[in-house]
Amino acid sequence: MRTPEDLKGLPLAAERGAGAASALMGHGGGLLRAQVGIHNSGEQAVQAVVEGKAAAAYVTRAQAESVLSHTDPRPSHIRLSTLSLGGVPDTGWPVGMAIKAEHKDLGLALEGALKSMRDSGELLAIFQQHGLTLTAP
């Protein structure tokens, strides 16, 4: 699969209410809309692929890896790949921590704690424990 057009005619899965689902269904003026099955979570969309009910799911890497890491045996015929669609950042869905401006000390403390966890390898270990890939935003 190189372009969204390669998905034409295939049953697809996406998460209800997610920007990724909107981008997938709106691509090319709705080219893929009729093929997209909407699921209550990204994990359920991935499960549809595992069960053969969908050919592909447009979800976050973490959602896909989480389901695949808990599927025994791990399906060898399922691969993860990237797909760029307008409206969805190529780097994924960033997660951040919002802190009120007057709490700068808290923000600095959180930044320091996260840096310490990354530097010590603890953050990587947490990701690996859950079958996830740690990627930089």
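Worth saying up front: this structure is predicted, and the values here are computed from it rather than measured.

(A) Local environment of helix α3 (residues 61-69). If you check which residues of α3 are buried, you get Gln63, Ala64, Glu65, Val67 and Leu68. Packed against the buried residues of α3 are β1 (12-15) and α2 (42-50).

(B) Fine view of the packing of helix α4 (residues 104-120) against helix α5 (residues 122-129). Running from amino to carboxyl end, α4 crosses α5 at an angle of 75°, the nearest separation of the two axes being 4 Å. Between α4 and α5, the angle falls in the class roughly perpendicular. Across the interface between the two elements, Leu114, Met117, Arg118 and Ser120 of α4 pack against Glu122, Leu123 and Ile126 of α5.

(C) Inspection of the pairing of β1 at higher detail. Where β1 lies against strand β2 (residues 36-39), 4 bridges are found, and the strand directions are parallel. Note that in β2 the partner of glutamate 15 across the bridge is histidine 39. At this point the chain moves from β1, through helix α1 (residues 19-30), to the parallel β2, and the crossover so formed is right-handed.

(D) Region of interest: a nonpolar patch on the surface. On the surface, a cluster of nonpolar side chains totalling about 360 Å² of accessible area is made up of Met97, Ile99, Leu106 and Leu114. Mapping leucine 114 onto the fold places it in helix α4. Overall, the relative accessible area of 39% leaves leucine 114 in the partly exposed class.

Definitions and cut-offs
Residues numbered from 1 in each chain as written. Predicted model: local features only at pLDDT ≥ 70, side-chain atom pairs only at ≥ 80, totals over all residues. Heavy atoms only, no water. Buried < 20%, exposed > 50% of the residue type's maximum accessible area, 1.4 Å probe, protein only. Helix = DSSP H or I, 4+ residues; strand = E, 2+ residues; numbered from the N terminus. Contact = heavy atoms within 4.5 Å. Axes fitted to C-alpha atoms, helices over the stretch in contact; angles between N-to-C directions. Parallel < 35°, antiparallel > 145°, perpendicular 65-115°, else oblique. Pairing = 2+ DSSP bridges. Right-handed = clockwise from strand over helix to strand, strands pointing away. Patch = residues over 30% accessible without salt bridge, like charges linked within 9 Å, V, L, I, M, F, W, Y side chains within 5 Å. Areas by Shrake-Rupley, 256 points an atom, 1.4 Å probe, with all protein chains shown as cover. Salt bridge = Lys/Arg side-chain N within 4 Å of Asp/Glu carboxyl O.

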